[in-house]
Amino acid sequence: MFSSKLSRVPSLQNMLKIGFDPTLKSINQFLLFLFQAHKFNSIVQFFFQLNSNQIKGNSQTHSIITKALLKLHKFEEAENLMNTQMIKFLNFPRSRLWDSLIQGFCVIQNHPEKALLLLKDCLMNHGILPSSFTFSSLIHSFSSQGNMSRAIEVLELMTDEKIRYPYDNFVCSSVVSGFCKIGKPELAIGFFENAMTSGTLRPNIATYTALLSALSILGRFDKVYDLVSGIDKQGLAFDVVMYSSWICGCYKDTDLVEAFRKHREMVDKGIKPDVFSYTILIDKFSKEGNVEKATGFLWKMLKDGVKANVVTYTAIMLGFCKKGKLEEAFTILKEVEDMGIEVDEFMYATLIDGVCRRGELDHAFDLLHEMEKKMVKPSIITYNTVINGLCKVGRTFEADKFLKRVDGDIVTYSTLLHHYTEDENVHGILETKRRLEDAGVAVDVAACNVLIKALFVVGAFEDAHALYQAMPEMNLIADSITYCTMINGYCRAERIEDALELFDEFRSKSLNSVACYNCMISGLCKKGMVDMAFEVFTEVEQKGFALDVGILMMLMKTTFAQSGAKGVVNLVYKLENFRADVYGVILNDAICFLCKRGSPEAAIEVYAVMRRKRSTVTSKSYHSLLENLIDKGCLMRPFLNIFLKDYGLAEPRVSRILVYYSCLKDVNSSQWFVKKWKESSAVTYPLAAFRRLVKDGRALDAYKLVMVAGDSLPLEDVVDYTILIDSICKAGYLSQALDLCVFARSKGITPDIVTYNSVINGLCRQGCLVEAFRLFDSLDKTDLVPSEITYATLIDNLSKQGFLLDARQLFDSMVSKGYKPNTHVYNSLIDNFCKFGKMDEAFKLLYDMEMKGFEPNGFTISALINGYCQKGDMEGALDFFSEFKKKDIVPDFLGFVYMVRGLHTKGRIEEARNILGEMLQSESVVELINTVDKEVESESVESFLIFLCEQGRISDAVVVLNKIASILYPVRRWSGAYKGSQLTNKHSECRSLSSAVSEPLTSNQKSEITDSKKVDKLAENYDISGKRSKLHDFGFYYSLIGSLCSKGELQKANELVNELLSSL
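Reading the values: rules and limits
- Residues numbered from 1 in each chain as written.
- Predicted model: local features only at pLDDT ≥ 70, side-chain atom pairs only at ≥ 80, totals over all residues.
- Heavy atoms only, no water.
- Helix = DSSP H or I, 4+ residues; strand = E, 2+ residues; numbered from the N terminus.
- Buried < 20%, exposed > 50% of the residue type's maximum accessible area, 1.4 Å probe, protein only.
- Contact = heavy atoms within 4.5 Å.
- Areas by Shrake-Rupley, 256 points an atom, 1.4 Å probe, with all protein chains shown as cover.
- Core = buried A, V, L, I, M, F, W, Y, C linked by side-chain atoms within 4.5 Å.
- Axes fitted to C-alpha atoms, helices over the stretch in contact; angles between N-to-C directions.
- Parallel < 35°, antiparallel > 145°, perpendicular 65-115°, else oblique.
- Nonpolar A, V, L, I, M, F, W, Y, C, P; charged D, E, K, R; others polar.
- Arc of directions from axis to C-beta.
- Patch = residues over 30% accessible without salt bridge, like charges linked within 9 Å, V, L, I, M, F, W, Y side chains within 5 Å.
- Salt bridge = Lys/Arg side-chain N within 4 Å of Asp/Glu carboxyl O.
- Lys, Arg positive; Asp, Glu negative; His and termini not counted.
- Charge placed at Lys NZ, Arg CZ, Asp CG, Glu CD.
- Expected span 1.5 Å × (residues − 1).
- Phe/Tyr/Trp six-rings, centres within 6.5 Å; stacked < 30°, edge-to-face > 60°.
- pLDDT = per-residue confidence, 0-100.
- Left-handed = near helix turned anticlockwise from the far one by under 90°.
- Disulfide = S-S within 2.5 Å.

### Considering the overall build of the protein chain
Right, so step 1: When helices and strands are tallied, the protein chain shows 59 helices and 0 strands.
Right, so step 2: Looking at the protein chain as a whole, 47% of its 1064 residues qualify as buried.
Right, so step 3: Summarising the internal contacts of the protein chain: among those between residues at least 6 apart in sequence, 63% fall at separations of at least 24.
Right, so step 4: A total of about 53,700 Å² of accessible surface is found on the protein chain, and carbon and sulfur atoms cover 52% of it.

The following block contains the structure:
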């Protein structure tokens, strides 16, 4: 009613027209009436009417107008009016209006810089002293923004001698909180202590709450409890903010139980938890990965009538994202939107981080587009999340391109630098560094550390050191990570002196970091500076740092490399003054280390130290020691007795070492031992026993162990079976190898192509080519693809047996199927074609070999030279030798022998002498000849051959060379062109390739076909019939024929040759 009447009041211009002549008193009364009615806009309009009608007001008029402008938050207009009226009216009210103006700029407009300018103007130019609350408001505003230099500047003005305003708890808590906000809690505590010392401050609960936060950030939790105790003694009542800060501090101390206790205590005292205190609990549980408990607290919070905010739901969402439950996280997002809560950037950033963790970067970009549609503007925080996600999945280049679309901060550039450093991408590091410098972004300590590491990676050591030295100029204090990065960088670059200089500087600081010590020890060990590394290691113990086992092992390894086992024992003695628990760990590690290095005697000495010191010997140490003693065949029963006494039969390592010992002694008796033991406890055969038997060449014993142990031997993959099968095949036990293949299949382990290659090679070595090819043909049925090794094995053996046409056909088949024959395959064919006089075929293969990009080696050249020599074509041999000598390819030992022997036979003694001279200049040949010195107890063979060459005694040299050849190549390559299978009594007889003839088996031929049936079973009954022929050992015929020829009994020799040929 009143406002409606007021709105019908005519304008001042109309009132003047009808004769109204107002006085200043009536105008001021009217303005005051409007001010009391909160009609501030009407006052401003009326003021404009006064000015337009040239009616000038007095100081009271302008005071009311100024107050109205301040109420309307028109601070710039109020400032202009106040500055003009102060000149005109000396009695213009000053202090209160200036207080309101300064507080308006500071608090309402959040523009403390402008407010500070006005404050200084008042003090310096107008002689106006604003109230203490104005000063306090400015300090609070600057502190809230983290602009502590300005806050301290206002504080100094406030406490100046001319003003001397005492600062209260509001000021103190603001400054303490401000220092905490900028990450300098130590300054916050220092400020509080100075305030208390001055005697001007009596802290209240708000100030104590700010101080508690500062102590928690610094991790000084003992001081937190002292502070809380002092507050309690003062009788100050705790509020929800104080409890929330205390709970937050408990979480930082990882004392979850104490945090719960404080939460319960708060509730018991009738203090109702607010959204902040609940959110602290929810956030901590989510970050710990216990999102279920976090969700439980959310429901309790809602049940208690406390409304959750977007921060609370973001914390829940974070928990789901950390556990990879993105569906639940997106459900939270939908529920928040349905409740009408405005989704902010941080909620989206949390979701983006979640999808990035899972590697779903496309989904992350979809969320960015969704943010834009919903008018949620992403900040650099969100962009950094995307960039970090791209870098983590190896898409650093894409992250770099993405950065070009946004204005990065120091975190952005640090992320890129870190990942480029991890990838050792020099170009990326240098380019990112350049862009960082061009951007003019302020660098913090963390970024400095990343940049220093990056500079070390690119080898810019001086730049890294310059950046480190420039840190104080940037108001940055080097932390332990800085020193660790610098020391590690110098150590990696082997600039150990620079590293030691930095390390000494680090030790002079009040920093504690075991990582810096470990880096220094590691660097010294790599340089072999064991004594200095030992001194640093001792200092680690003196400072009470936890023992790093990896560093201890490195120190032991370096000591062992320099001084052997004795050095490690001496190291143990030097560490005798360490704490008993630490020394015990060192002694046990030393025993295990020495045992692994095969030094049980030194390990026993360390063991004696442990017994003398009454340190506890771990079961692992006993096991290592006993296993080593068993392997060495040393006395082990006393240690076994002590082991049994200390740990009893229930200890698994006791049973394992006993079974291990029994397996190595007698596989059959170990079965009884294991069965007996299983009656009381579960025990298995140790895999180490199996591997030891294989390593020692006891393949048959290893086979027995596998068959005897059954399920009690933990052979879990095909690798162990293949190793054993290969060993058995090489030892000639084909029947057992085939049994093992079947056994492996029964255990659900399918032999792979490597396993089959071993069996095929074993069959070929025994001359069982038919069975080898049956197994080869069966690979298609077992879904296995032959490898190059499979083809190479068969081609090599076909060639050696003289089946050159079959070998060449298999070679062509191999090439047609996309396999690439290697030099060994070519050499095998070339060698055997040459031995059988098929030089044209051999040269075709040589040409093909060179066209395929394979370079002939010494073996290749020797094989072709042998072909020429067998034909008696020494000219061809010499020309071929000269041709490849120009290509820096010379024959191997046998190639030279073929030439020397061939030339000598032809009577070309001088040429033979020249070839012998060239032979003795070949490093590889001389090295091979010198190995014979170990076999023959005489003067140097090399020296003797040189002597014979100089004397021209080529006949004697040929005898010596033949003897060397017989030692180096007792069967292969040297025995002649024709070579039969090497059958021995322990091997079962197999079918040879002649069994491919489709003739029925005779009664004698049916007597032994066990192995053939096993091959059938392995090949899944692949049906190839064949004939079994008996081959005598070619070596036997060769030596006998040679003996008869040397005696001149040529008729008998011819008869023996015919017998040999008839058996082929």
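### Some points on the nonpolar core
Right, so step 1: I830 and F893 are the most contacted members of the largest nonpolar core, which totals 233 residues.
Right, so step 2: The residues touching I830, leaving out its near neighbours within four places in the chain, are A842, L845, L846, M849, T860, A863 and L864.
Right, so step 3: Judged by nonpolar contacts, the second largest core, of 67 residues, contains V44, F105, I128 and Y165.

### What to know about the packing of helix α44 (residues 753-765) against helix α46 (residues 788-801)
Right, so step 1: Across the interface, α44 lies against α46 with an axial gap of 9 Å and an inter-helix angle of 5°. When the interaxial angle is binned, α44 and α46 end up roughly parallel. Side by side, α44 and α46 meet where I753, N757, I760, N761, C764 and R765 of the first sit next to I789, T790, T793, L794 and N797 of the second.
Right, so step 2: Among the residues forming the contact of α44 with α46, the class breakdown is 5 nonpolar, 5 polar and 1 charged.

### Section: helix α40 (residues 687-695)
Right, so step 1: Where α40 is concerned, the buried positions are L687, A689, F690, L693 and V694. In a view along the axis of α40, the buried residues occupy a sector of 165°, so they form one face of it.
Right, so step 2: Once α40 ends, the next one or two residues include G697, with phi positive near 80°.

### A closer look at the side chain of T350
Right, so step 1: Tracing the chain through its elements places T350 in helix α21 (residues 345-357).
Right, so step 2: Among the residues examined, T350 registers a relative accessible area of 12% and is labelled buried.

### Focus: a positive patch on the surface
Right, so step 1: Taken together, K557, K596, R597 and K620 make up a surface patch of like positive charges.
Right, so step 2: The topology assignment puts R597 in the loop between α34 (580-596) and α35 (600-613).

### Observations regarding the pattern of salt bridges
When their charged atoms lie close together, side chains carrying opposite charge are able to pair.
Right, so step 1: In the structure shown here, the tally under the stated rule is 41 salt bridges.
Right, so step 2: A salt bridge links E153 to K120, with the shortest nitrogen-to-oxygen separation between them at 2.6 Å. Placement of the pair is E153 in helix α10 (residues 148-158) and K120 in helix α8 (residues 112-126), with a sequence separation of 33 residues.
Right, so step 3: Its relative accessible area of 21% is what places E153 among the partly exposed residues.
Right, so step 4: Judged by relative accessible area, K120 falls into the partly exposed class, the value being 23%.
Right, so step 5: As a salt-bridge pair, K887 and E850 come within 4.0 Å of each other at their nearest N and O atoms. In this pair, K887 is assigned in the loop between α51 (874-885) and α52 (893-905) and E850 in helix α49 (residues 839-851), connecting sequence segments 37 residues apart.
Right, so step 6: K887 gets classed as partly exposed once you look at its relative accessible area, which sits at 44%.
Right, so step 7: Residue E850 is classed as partly exposed on the basis of its relative accessible area of 35%.
Right, so step 8: Salt bridges sharing partners connect three or more residues here, namely E113, K120, R150 and E153.

### Re helix α47 (residues 804-816)
Right, so step 1: If you check α47, its first and last C-alpha atoms are 18 Å apart, about what 13 residues at 1.5 Å a residue would give, namely 18 Å.
Right, so step 2: Among the residues making up α47, those that are buried are L804, A807, L810, F811 and M814. In a view along the axis of α47, the buried residues occupy a sector of 125°, so they form one face of it. Exposed positions of α47 whose direction lies more than 90 degrees from the buried face are L805 and S816.
Right, so step 3: Looking at the buried side of α47, the elements it contacts are α45 (769-777), α46, α48 (823-835) and α49.
Right, so step 4: Of the residues one or two after α47, G818 is the one with positive phi, at around 95°.

### Re the side chain of R435
Right, so step 1: Summarising the element assignment, R435 is placed in helix α26 (residues 426-439).
Right, so step 2: The residues touching R435, leaving out its near neighbours within four places in the chain, are D400, L403, K404 and Y413.

### A closer look at the packing of aromatic side chains
Right, so step 1: Overall, the coordinates contain 26 aromatic pairs when judged by the stated rule.
Right, so step 2: For the ring pair F285 and F297, a centre distance of 5.7 Å and an interplane angle of 25° mean the geometry is stacked. One end of the pair, F285, is in helix α17 (residues 275-287); the other, F297, is in helix α18 (residues 291-303), with 12 residues separating them in the sequence. You'll find F285 and F297 in the same group, each marked buried.
Right, so step 3: Consider the rings of Y826 and F854, whose centres lie 6.0 Å apart with planes at 50°: the pair is tilted. Here Y826 is found in helix α48, whereas its partner F854 is found in the loop between α49 and α50 (858-871), with 28 residues between them in sequence.
Right, so step 4: The class for Y826 is buried, based on a relative accessible area of 0%.
Right, so step 5: Residue classification places F854 among the partly exposed positions, given a relative accessible area of 25%.

### Looking at the environment of L430
Right, so step 1: As for its position among the elements, L430 is in helix α26.
Right, so step 2: Residue class for L430 comes out partly exposed when judged on its relative accessible area of 44%.
Right, so step 3: It is 9.5 Å that separates the C-alpha atoms of L430 and Y420, two residues lying 10 residues apart in sequence.

### Focus on the confidence of the model for the protein chain
Right, so step 1: Summing up the model confidence of the protein chain, the mean pLDDT is 78 and the portion of residues at 70 or higher is 80%.
Right, so step 2: A low-confidence stretch, residues 972-1036 (pLDDT under 50), is modelled with 125 contacts involving residues beyond four sequence positions or located in other chains.

### Brief notes about the environment of D353
Right, so step 1: In this structure, D353 sits in helix α21.
Right, so step 2: Distance from D353 to N388, taken between C-alpha atoms, is 8.8 Å for residues 35 residues apart in sequence.

### Comments concerning unusual backbone geometry
Right, so step 1: Backbone geometry at H73 places phi at a positive 60°, although glycine is not the residue there.
Right, so step 2: Relative to the helices and strands, H73 resides in the loop between α5 (59-71) and α6 (75-88).
Right, so step 3: Residue classification places H73 among the partly exposed residues on the basis of a relative accessible area of 41%.
Right, so step 4: The phi dihedral of E424 is positive, around 55°, even though this residue is not glycine.
Right, so step 5: Take E424: it is sitting in the loop between α25 (410-422) and α26.
Right, so step 6: Judged by its relative accessible area of 60%, E424 falls in the exposed class.

### A look at the packing of helix α30 (residues 496-508) against helix α31 (residues 514-526)
When two helices pack together, their arrangement is given by the angle between the helix axes and by the axis-to-axis distance.
Right, so step 1: Running from N to C, α30 and α31 cross one another at 155°; their axes reach a closest spacing of 11 Å. Classed by the angle they form, the pair α30 and α31 counts as roughly antiparallel. Once α30 is placed against α31, the crossing between them reads as left-handed. Seen from α30, the contacting residues are I496, A499, L500, F503, F506 and R507; seen from α31, they are C516, Y517, M520, G523 and L524.
Right, so step 2: Looking at the contact of α30 with α31, its residues break down into 9 nonpolar, 1 polar and 1 charged.

### Focus: the state of the cysteines
Right, so step 1: Across all of its chains, the model carries 0 disulfides by this definition.
Right, so step 2: Free of any disulfide, C491 has its nearest neighbouring cysteine sulfur in C519, separated by 7.1 Å.

### Topic: the environment of T382
Right, so step 1: Looking at the secondary structure, you find T382 in helix α23 (residues 380-392).
Right, so step 2: T382 sits in the buried class, given a relative accessible area of 0%.
Right, so step 3: Setting aside its immediate chain neighbours within four residues, T382 contacts E345, A349, I352, L368 and M371.

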